[in-house]
Amino acid sequence: MSPLPTAQPNAASEQARLRVSGKFLRVGAEKVSLKGISYGPFRPNAQGAPFPEELRLTADLEHIAALGFDTVRLYDPPTEAVLSLAEKLGLRLMVGIPWTDHVDFLRDAASVKSIMAEVCEAVTRLRDHPSVVAFLIGNEIEKTLVRWMGPQRVQHFLERLIQAARECAPNQLFSYATYPSTEYLIPRNADFLAVNVYLEQPAAFEAYLQRLHHLAGNKPLLITEFGLDVASHGAAAQAEARQWFEQICARSAVAGMVWFSYTDEWFRGGEAVTQWKFGIVDQERRERLSAKPVQLAPLLNTWPKISVIVCTYYGDVTLRACLTSLQSLRYPDYEVLLIDDGSSAGVSMIAQDFPSVRYIRQEHAGLSVARNRGAAEALGEILAYTDDDCIADEDWLAYLAAGFDDPQWVACGGPNIPPPPRNETETVVALAPGAPAHVLLSDVEAEHLPGCNLAIRKRALDAIGGFDPAYQVAGDDVDICWRLRDAGGRLRFISGAMVWHHRRYTVDAYFRQQTGYGHAESLLMLKHPKRFGGLGGARWSGAIYGDTSMTDDPSEGSIFHGPMGNGLFQGIYQQSTRSLLDLFCGFLGLLIMLLMLLLKMKLLGLGVAVLFLAAAYGRMRRQTQSILPLSFIRRLQLLYLHLMQPIKREQARMRGLLAVCLVNRSAAKKEEVNLPSRPKIWSLNLGERSFWNESNVGRDRFLDELRQLIHCHGYTCREDDGWQRMDVEAKLNSWLSIAFLTVTEYHGNGRCLTRVRAVGKAGALGYIPLLVFAYRIRKKALQLSQEAAENAGLTKL
């Protein structure tokens, strides 16, 4: 097949395109929230297209537009009739592209190539239509099938699929619609996180949205399916569910929502689905109570006065953009204070162009003194701090204010996201380690909130004596958060309260920033010694969230699949990403290397140097969020930043400590949560078998028979605890075992293909016996598989 043409950007239509803007979506400068409904899939019409006949299609889309929906999610590429109607009615189309995702599509290169071609062909045909705003290149790959193929392999395939599609349509948005049973399956190069969620309790749904925001990272969150079955719950419950669904999505900064579905008419797997009724209209298009448009309540009934405080010290380059953004906040009662910490005349000249900003100048005394001066001058009951190199989202204050709806919360903050880089140097610096990050104890409660996006109740700040003047450049936010928590307060993270935060523009500025952070850490170590380890690292109780995502590495041992892979909510549980190589990062590795060279142990010194580079490379790989569009030279530059950042930071930290002749010796041990460790065993693939059945018999029956056979042969049968990539394991002796992994593909009309994979396993002492007796172990595994299949009524293929 000849390669598909690559689209060229169209400047005229670029402004009208939907685009990603941090946690939100925009068309031009206007922020938009998609209000969508799903449509289809349908029985093929007279022309063979998976849509209703033209008269019904026209009436349906006109009705959807009249009900106030602005987006339609399709499960098949639209026909010309659908495109024409959508454009006429002003409807946006979120287009799904179906392919054979119900089978092991990674088994052969031909399947992969075919899927790539299907997706690229559909994207190329639709890429320039103004109504098409996003593509979903896949939808809910079945959980046990993902486990069978391997989460990392599936993730990488989806990333390749998006990359290929984006080359065909560079102006379009792309994602994959995942669901709670594979919430870890998120392509890193997707433009937004798309999730299908069905939760029937408002509190559970709202709590889950907070988790999904963290999975989304710095990208928008879209709920691409949510609904309630009328057959099970009734029409009144469905209408109530739609009301709270839209209200919670608006309150939780969800960038787009899709109600499932428009009609009960639903065709899937070659047959009509009649047992479920999710539509806001029935098959005859009679409206249900849920068809009535939802009236959203405001985030708050009363809006507290907020004082926005910007502290600056020679921040002329970015200050104007910061103040401009603060003039555009959509909040009814706020003031802006600019505290000039002894800058040159440039800052005061910029302030003159913003008459509504209260400009206050002081002699240079440091950041904390400036923050305290702002608090003393403020009239608001809430103090919202941001930096002079930040640009606030227009709804920043509204989301922050809503976060103080309970007195237990004494501080709130949200994400600080780097704006799109203007050149490759800015891209590299933005991807370097050490950027401001929030630390979360749960999906809602924070242990630390960066000072560039930090709102505090004024009375709570006064009660602990304000910011500590010792912190003149950095570290003030860490200190204040710890002190607020020590005083009994709680800190809240609000995903929608975002600011754009410029990282440093040059490598030199970046290293100066890291040096400042290192000095601040030395002050923190002196004041809070029990919160630091012996080598200087902070001992956080929570998880650190920055510009990376916990789904970057969906490897086995970090995912809880549930027994036999059937868990309804299968999430990644963060484990420590540190390795032995990290011992060679920073000063420690450098000192060991220099010591070896001084002792003329050149080979050992060279080995340490290699480990030094490997440690930096490992850190770079772990902390890089997406597939980088960087040249080889820029990748080397990024590696250099990962190599030097810990050295610069530790050097400044040690200088600060030595200045007062104090070394931290009082580091208390922190209680750690021990998640199941990744299995440290030897394994050997013993082969696969496939079995067919046309009576809807699959893996469950096979595994029941397999368990009985294992017991009959006198072996110990071990069940999957939810963390392992196997269903059952036959323990042959104290050293050797056979693990069985299964999956069933459903091919319609009761036809099932069950695949069985056997893996020989051995502990540290069983490696040699595993190799020596590999043939006999494989023979035993295949024998057990064949007997279990025959007993279950499955036929070998």
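All values derive from a computational prediction rather than experimental measurement. (Residues numbered from 1 in each chain as written. Predicted model: local features only at pLDDT ≥ 70, side-chain atom pairs only at ≥ 80, totals over all residues. Heavy atoms only, no water.)

On to the overall build of the chain, then. When its secondary structure is counted, the chain shows 23 helices and 32 strands. With 797 residues in all, the chain has 57% of them scored as buried. Expressed as a percentage of contacts within the chain between residues at least 6 apart in sequence, the contacts between residues at least 24 apart total 74%. Of the accessible surface of the chain, which amounts to about 34900 Å², a share of 56% is contributed by carbon and sulfur atoms. (Helix = DSSP H or I, 4+ residues; strand = E, 2+ residues; numbered from the N terminus. Buried < 20%, exposed > 50% of the residue type's maximum accessible area, 1.4 Å probe, protein only. Contact = heavy atoms within 4.5 Å. Areas by Shrake-Rupley, 256 points an atom, 1.4 Å probe, with all protein chains shown as cover.)

The strand order around the closed barrel built from eight strands is E4-E5-E6-E7-E8-E9-E10-E11, with neighbouring strands paired in parallel fashion. Taking each pair of neighbouring strands and ignoring which way they run, the sheet shows an average axis angle of 25 degrees. Pairing of strand E10 (residues 221–226) with strand E11 (residues 256–259), which is carried by three bridges, proceeds in the parallel orientation. Across the sheet, residue Ile223 finds its bridge partner in E11, namely Met257. Strands in contact with helix H6 (residues 151–168) are strand E7 (132–139) and strand E8 (173–178); relative to E8, the strand with the most contacts, it is inclined by about 155 degrees. Here helix H7 (residues 202–216) sits on the sheet in contact with strand E9 (193–196) and E10, set at roughly 135 degrees to E10. (Pairing = 2+ DSSP bridges. Axes fitted to C-alpha atoms, helices over the stretch in contact; angles between N-to-C directions.)

Moving on, we get to the pattern of salt bridges. All told, the structure shown has 47 salt bridges when counted by the stated rule. Of the charged contacts, one joins Arg125 and Glu80 as a salt bridge, the two residues approaching to 3.9 Å between their closest N and O atoms. With Arg125 in helix H4 (residues 109–126) and Glu80 in helix H3 (residues 80–89), the pair connects residues that are 45 residues apart, well separated along the chain. Accessibility expressed as a relative area gives 57% for Glu80, which makes it exposed. Of the charged contacts, one joins Arg358 and Glu335 as a salt bridge, the two residues approaching to 2.8 Å between their closest N and O atoms. (Salt bridge = Lys/Arg side-chain N within 4 Å of Asp/Glu carboxyl O.)

Axis separation between H7 and helix H9 (residues 235–251) bottoms out at 10 Å; the angle between their running directions is 30 degrees. Taken together, the axes of H7 and H9 are roughly parallel relative to one another. In this structure, H7 crosses over H9, and the sense of that crossing is right-handed. Across from Pro202, Phe205, Glu206 and Leu209 in H7, the residues of H9 making contact are Trp244, Phe245, Ile248, Cys249 and Arg251. Residues that form the contact of H7 with H9 fall into these classes: seven nonpolar, no polar and two charged. (Parallel < 35°, antiparallel > 145°, perpendicular 65-115°, else oblique. Left-handed = near helix turned anticlockwise from the far one by under 90°. Nonpolar A, V, L, I, M, F, W, Y, C, P; charged D, E, K, R; others polar.)

Applying the stated criterion to the full structure yields 25 aromatic pairs. Aromatic rings pair up to connect Tyr198, Phe260, Trp266, Trp276 and Phe278 into one cluster. The ring centre of Phe467 lies 5.6 Å from the NZ or CZ of Arg371, which sits over that ring. Just above the ring of Trp148 sits the side chain of Arg757; from NZ or CZ to the centre is 3.9 Å. (Phe/Tyr/Trp six-rings, centres within 6.5 Å; stacked < 30°, edge-to-face > 60°. Lys NZ or Arg CZ within 6 Å of the ring centre and 35° of its normal.)

Right, let's talk about the confidence of the model for the chain for a bit. Averaged over the chain, the pLDDT score is 86; the fraction of residues at 70 or greater is 85%. Taken as a whole, residues 1–12 scores under 50 in pLDDT and shows 19 contacts with residues more than four places along the chain or in a different chain. Low pLDDT, under 50, characterises residues 661–679; the predicted model gives this stretch 30 contacts beyond four residues in sequence or across chains. (pLDDT = per-residue confidence, 0-100.)

Turning next to helix H12 (residues 367–377). Inspection of H12 places Leu367, Ser368, Ala370, Arg371, Gly374 and Ala375 among the buried residues, and these make up the whole buried set. Across the axial projection of H12, the buried residues extend over an arc of 160 degrees, all falling on one side. On its buried side, H12 packs onto strand E14 (306–312), strand E15 (334–341), strand E16 (357–362), strand E17 (382–387), helix H15 (458–463) and helix H16 (476–486). (Arc of directions from axis to C-beta.)

Further remarks concern the side chain of Thr178. Within the element layout of this structure, Thr178 appears in strand E8. Residue classification places Thr178 among the buried positions, given a relative accessible area of 2%. Excluding anything up to four places from it in sequence, Thr178 contacts Glu140, Glu183, Leu185, Leu193, Ala194, Val195 and Asn196.

Considering the arrangement of structural elements, one finds His502 in the loop between strand E25 (499–501) and helix H17 (507–527). A relative accessible area of 18% places His502 in the buried class. Non-local contacts of His502, meaning those with residues more than four positions away in its chain, are made with Thr318, Asp389, Ile391 and Pro419.

An ideal rise of 1.5 Å per residue puts 26 Å on 18 residues; H6 measures up with 26 Å between its terminal C-alpha atoms. Here H6 has its buried residues at Pro151, Val154, Gln155, Phe157, Leu158, Glu159, Leu161, Ile162, Ala164, Ala165, Arg166 and Cys168. Taken together, the buried residues of H6 touch H4, E7, helix H5 (143–149) and E8. (Expected span 1.5 Å × (residues − 1).)

This part takes up the sheet that holds strand E20 (residues 416–417). Working definition: the strands of a sheet are paired by backbone hydrogen bonds and lie parallel or antiparallel to each other. Spatial strand order, E18-E25-E20: three strands in an open sheet with mixed pairing. Two strands in the sheet have a free side with no partner beyond their single neighbour: strand E18 (390–392) and E20. Pairing of E18 with E25 involves three bridges; the strand directions are antiparallel. Bridging across to E25, Cys390 finds its partner in His501.

Buried together is how nonpolar side chains tend to be arranged in soluble globular proteins. In terms of nonpolar packing, the biggest core is built from 83 residues, with Tyr39, Ile141, Phe157, Phe205 and Ile223 touching the most fellow members. In contact with Tyr39, other than residues within four places in its own chain, are Phe51, Pro52, Arg56, Leu57, Asp60, Leu61, Ile64, Val72, Arg73, Leu74, Tyr75 and Tyr262. (Core = buried A, V, L, I, M, F, W, Y, C linked by side-chain atoms within 4.5 Å.)

Right, let's talk about the pairing of strand E19 (residues 409–413) for a bit. Residues in a regular strand project their side chains so that they alternate between the two faces of the sheet. For E19, the buried fraction is high: five of the five residues fall into the buried class. As defined by bridge partners, E19 adjoins strand E24 (residues 490–493) across four bridges and the pair is classed as parallel. By the bridge assignment, Ala411 is partnered in E24 with Leu491. The sheet contact formed by E19 and strand E23 (residues 453–457) spans three bridges and is antiparallel. When the sheet's bridge partners are listed, Ala411 is paired in E23 with Ile456.

Let us now look at the side chain of Lys780. With respect to the helices and strands, Lys780 occurs in helix H23 (residues 774–792). It turns out Lys780 is buried and unbridged, and the closest side chain with the opposite charge, Glu787, is 6.8 Å from it. The contacts of Lys780, once residues within four sequence positions are left out, are His713, Tyr715 and Ile738. (Lys, Arg positive; Asp, Glu negative; His and termini not counted.)

To continue, consider the state of the cysteines. Counted according to the given criterion, the structure contains zero disulfides. Cys390 provides the cysteine sulfur closest to Cys322, a residue in no disulfide bond, and the two sulfurs are 6.6 Å apart. (Disulfide = S-S within 2.5 Å.)

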